[in-house]
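# Structure at a glance
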Amino acid sequence: MSQPAGTIAHSPDFPLDRPEPLAPPQEYQLLRQERPASRITLYDGSQAWLLTRYEDVRSVLTDLRFSADARRDGFPFVSPAVRASVGGRTPFFRMDPPDHDRIRRMLTRDFMVKNIEALRPQIQQIVDGFLENLLAQPQPADLVREFALPIPSAVIARLLGVPYEDHEYFQSRGQRMLSRDSTLQESAQSVVDLREYIGRLAESRLTDPGDDVLSRLVVEREATGELDREDVKSTGLLLLVAGHETTANMIALSVATLLGHPEQLAALRADPALIGNAVEELLRFLSVVHSGVPRVALEDIEIAGVTVRAGEGVIASIPAANWDPEHFATPEDFDIHRDARRHIAFGFGIHQCLGQPLARVELEIALTTLLRRLPGLRLADGAEYAPEKAVYGLHRLPVAW
Amino acid sequence: MSAAPAPWLAVDPERCIGSGRCVLSAPAVFDQGDEDGLVRLLDPAPPDALRAGARNAAALCPSGAILVGGAAPQ
Ligand code: HEM
Ligand code: SF4
């Protein structure tokens, strides 16, 4: 039986507010201690369980009795946008094995560490190009628009075989698709637009393939009957949106975090080889997938002192797990020297982020280049955080140098 | 006692989801297959200096595809 925890409502509306832009909601601390499995109320009035301890979050994500299949009754959606985003043919990240594994494995070669490492020179070139654009702007300039958003957009466009010239089209629809401020219709329309867009590209790759992921899906998988066109669209859409939104938000928030912790920034500038470790700590500290990972129980399961009944929804909170003091001492301290590698910012279990090698390399190169080239980088007024996004980020980050 | 001791380190590509965490932790011990991006073992009995990295890889592996210790951990 759960006891009321401090001043937290019995079944609070989820997502909780985050008054501190660079910290998860403070209620997580109390919940973790007193109600590690807690009832929450979602936007549509339905109830789900929120799990906040590192151990419990990891065990949900490795337990296949917690299904990722968004078509099942009881699957929890945190906003109309997230509900609409899996419209059309369900993408593989909202499927269970064996279908999930079958489709994911068509992509593991493209995203494996050595293939991503081989892209370093191209990624560096893209970063250098946008850095020049940034330098050409009057100060203060918006780091999100000039640097954080275009870099991962250009990288995933190149990898996937999507023309970067279309970036305004796919960025605006990607954002509307995932915003809590969008209506179900707005979000659903974005999905329709993006599916059509990718469908058109796929059609042209069938006759004129290039050296890119979309061409390989069409030529090696669709033409052989392993995937149909609807799966190609769902997969392309997932890669395009997951590939730019998340990393863009991470780049901008990382810069805000480093500039807000001058002693950490100085340590990183003094020893650029710390960047790998710093990126892991930024991933932990920022935990941008802030509304957590949704699952639905397939049978009655005991966890965190409660019984989750078959058909009940569960949200495994990434930020709460990554700020669990049992696993990360004084989690509120941003410390680029700590060993943060056990964070679960990319999830855990069979759905752990496919694009993580790419995200790591992009973050390393973007941050290293920015700090090296702009020794006087500083925040200007007017930062606008974006708590309504499914992936936490910033709308604007004005900087000067 | 057993005649054929289990190797110190083993991987199961069937469970692997190609996250690459093992390759980043211990690049001399793990690789990803050129064709499928799934885990391959480069060295089932890595020297002591590489064992901490291999253990770390097993702890970080999201899909439980790495087994450390075998029958005769040292
Ligand atoms: C810092 C940036 C990123 C973060 C924090 C992040 C986070 C995540 C998380 C938490 C999941 C697990 C979702 C779940 O279990 O339901 C995930 C899955 C996924 N991510 Fe990322 N991601 C990032 C960058 C990328 C990039 C660059 C791509 C590139 C294409 C990508 C593609 C994917 C895909 C395809 C999945 C689904 C994997 C599956 O279900 O098997 N992500 N990501
Ligand atoms: S860490 Fe595990 S899942 Fe990731 S590539 Fe290595 S064996 Fe596969």
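Residues numbered from 1 in each chain as written. Chains lettered and ligands numbered in written order. Predicted model: local features only at pLDDT ≥ 70, side-chain atom pairs only at ≥ 80, totals over all residues. Heavy atoms only, no water.

Helices and strands together make up the secondary structure of chain A, namely 16 helices and twelve strands. Its C-alpha radius of gyration of 21 Å places chain A within 12% of the 21 Å reference for a compact globule of 401 residues. Residues classed as buried in chain A amount to 60% of the 401 residues present. Within chain A, contacts between residues separated by at least 24 positions form 72% of all contacts whose residues are at least 6 apart in sequence. Surface accessibility of chain A: about 15,800 Å² in total, with carbon and sulfur atoms responsible for 51%. Placing the 43 positive and 57 negative side-chain charges of chain A at their respective mean positions leaves the two points 2 Å apart. (Helix = DSSP H or I, 4+ residues; strand = E, 2+ residues; numbered from the N terminus. Rg over C-alpha atoms; globule rule 2.2 N^0.38 Å. Buried < 20%, exposed > 50% of the residue type's maximum accessible area, 1.4 Å probe, protein only. Contact = heavy atoms within 4.5 Å. Areas by Shrake-Rupley, 256 points an atom, 1.4 Å probe, with all protein chains shown as cover. Lys, Arg positive; Asp, Glu negative; His and termini not counted. Charge placed at Lys NZ, Arg CZ, Asp CG, Glu CD.)

This part is about the confidence of the model for chain A. Taken residue by residue, chain A gives an average pLDDT of 96. The fraction at 70 or more is 98%. A low-confidence stretch, residues 1-5 of chain A stays under pLDDT 50, and its non-local contacts, those more than four residues away or across chains, total seven contacts. (pLDDT = per-residue confidence, 0-100.)

With that out of the way, let us pick up the environment of Pro150(A). Residue and element names in this part refer to chain A. As for its position among the elements, Pro150 is in helix α8 (residues 150-160). A C-alpha to C-alpha distance of 7.4 Å links Pro150 and Phe130, two positions 20 residues apart in sequence. Ignoring anything within four residues of it in the chain, the contact list for Pro150 reads Phe130, Val144, Arg145 and Tyr164.

This part covers the packing of α8(A) against helix α16 (residues 356-373) of chain A. All names here are of chain A. At a minimum axis separation of 11 Å, α8 and α16 run at an interaxial angle of 135 degrees. The orientation of α8 relative to α16 falls into the category oblique. As α8 runs across α16, the sense of the crossing is right-handed. When α8 is examined against α16, the residues Ile151, Pro152, Val155, Ile156 and Leu159 are found in contact with a partner set consisting of Leu358, Glu362 and Ala366. (Axes fitted to C-alpha atoms, helices over the stretch in contact; angles between N-to-C directions. Parallel < 35°, antiparallel > 145°, perpendicular 65-115°, else oblique. Left-handed = near helix turned anticlockwise from the far one by under 90°.)

With that out of the way, let us pick up empty space enclosed by the protein. Residue and element names in this part refer to chain B. Tallied over the full model, the rule gives six cavities of 30 Å³ or more. By volume, the second largest cavity amounts to about 90 Å³. Taken together, 15 residues form the lining of the second largest cavity, with Cys16, Ser19, Gly20, Cys22 and Cys61 sitting closest to its centre. Looking at the lining of the second largest cavity residue by residue, the class counts come to eight nonpolar, six polar and one charged. (1 Å grid on protein atoms, 1.4 Å probe; cavity = no way out; pocket = protein on both sides within 12 Å on 5 of 7 lines; lining within 4 Å. Points joined across faces, edges and corners; volume = space filled by probe spheres on them. Nonpolar A, V, L, I, M, F, W, Y, C, P; charged D, E, K, R; others polar.)

A few words on the site of ligand 1. Residues and elements named next belong to chain A. Around ligand 1 there are 29 residues in total, and Arg94, His100, Arg104, His351 and Cys353 lie nearest to it. The side chain of His100 places a nitrogen or oxygen atom 2.6 Å from an oxygen atom of ligand 1. Residue Arg104 places a side-chain N or O atom 2.7 Å away from an oxygen atom belonging to ligand 1. Elements supplying a minimum of two residues to the shell around ligand 1: α4 (99-104), α12 (229-260) and β5 (293-297). (Near = heavy atom within 4 Å. Polar contact = N/O pair within 3.5 Å; in protein donor to acceptor, adjacent residues only side chain to side chain.)

Before going further, it helps to spend a moment on the coordination of the iron atom of ligand 1. Expected angles at a metal are 109.5 degrees for tetrahedral coordination by four donors and either 90 or 180 degrees for octahedral coordination by six donors. Looking at the protein side alone, the iron atom of ligand 1 has one donor only, Cys353(A) (SG), at 2.3 Å. Here Cys353(A) shows up in the loop between α15 (318-322) and α16. (Donors = N, O, S within 2.8 Å, 3.2 Å for Na, K, Ca; no water.)

All names here are of chain B. Around ligand 2 there are 13 residues in total, and Cys16, Ser19, Gly20, Cys22 and Cys61 lie nearest to it. A majority-of-atoms criterion places ligand 2 in the second largest cavity. Of the residues contributing to the shell around ligand 2, the split by class is eight nonpolar, four polar and one charged. (Sits in = over half its atoms within 2 Å of the grid points.)

Looking now at the pairing of strand β8 (residues 313-316) of chain A. Along any regular strand, the residues point their side chains to alternate faces of the sheet. All names here are of chain A. Taking every second residue as pointing to the same face, both faces of β8 are buried, with Gly313 and Ile315 on one and Val314 and Ala316 on the other. Two strands pair when backbone bridges link them, and strand β2 (residues 47-51) and β8 are joined in this way by four bridges, in the parallel orientation. For Leu50, the partnering residue across the bridge sits in β8 and is Ile315. The pairing of β5 with β8 spans four bridges and is classified as antiparallel. (Pairing = 2+ DSSP bridges.)

This next bit is on the interface of chain A and chain B. Facing the 19 residues of chain A at the interface are 24 residues of chain B. Between chain A and chain B, the buried area comes to about 1,800 Å², and carbon and sulfur atoms account for 48% of it. Interface area lost by chain A to chain B is led by Arg105(A), Val113(A) and Arg341(A), which between them contribute 30%. Inspection of the region where chain A meets chain B yields four salt bridges. For the salt bridge of Arg21(B) with Glu280(A), the shortest nitrogen-to-oxygen distance reads 4.0 Å. Between chain A and chain B we count eleven residue pairs in polar contact (both at pLDDT 80 or more) in total. Put simply, the parts of the chain that give the side of chain A that touches chain B at least two residues each are α2 (54-62), α5 (113-117) and α16 of chain A. Among the elements that line the side of chain A that touches chain B, the one with the most residues is α16(A), at three residues. (Buried area = accessible area lost by both parts, 1.4 Å probe. Salt bridge = Lys/Arg side-chain N within 4 Å of Asp/Glu carboxyl O.)

Moving on, we get to the environment of Glu146(A). Residue and element names in this part refer to chain A. By the element assignment, Glu146 lies in helix α7 (residues 143-148). A relative accessible area of 11% means that Glu146 is categorised as buried. Residues within four places of Glu146 in sequence aside, it is in contact with Phe130, Leu134 and Gln137.

Another aspect to go through is the sheet that holds strand β12 (residues 398-400) of chain A. Residues and elements named next belong to chain A. Taken in spatial order, the three strands line up as β4-β12-β9 in an open sheet, and their pairing is antiparallel. Sheet topology places β4 (141-142) and β9 (378-379) at the edges, where each strand pairs with a single neighbour. Relative to β12, β9 is paired through two bridges, and the arrangement is antiparallel. Within β12, the position partnered with Arg378 by the bridge is Ala400.

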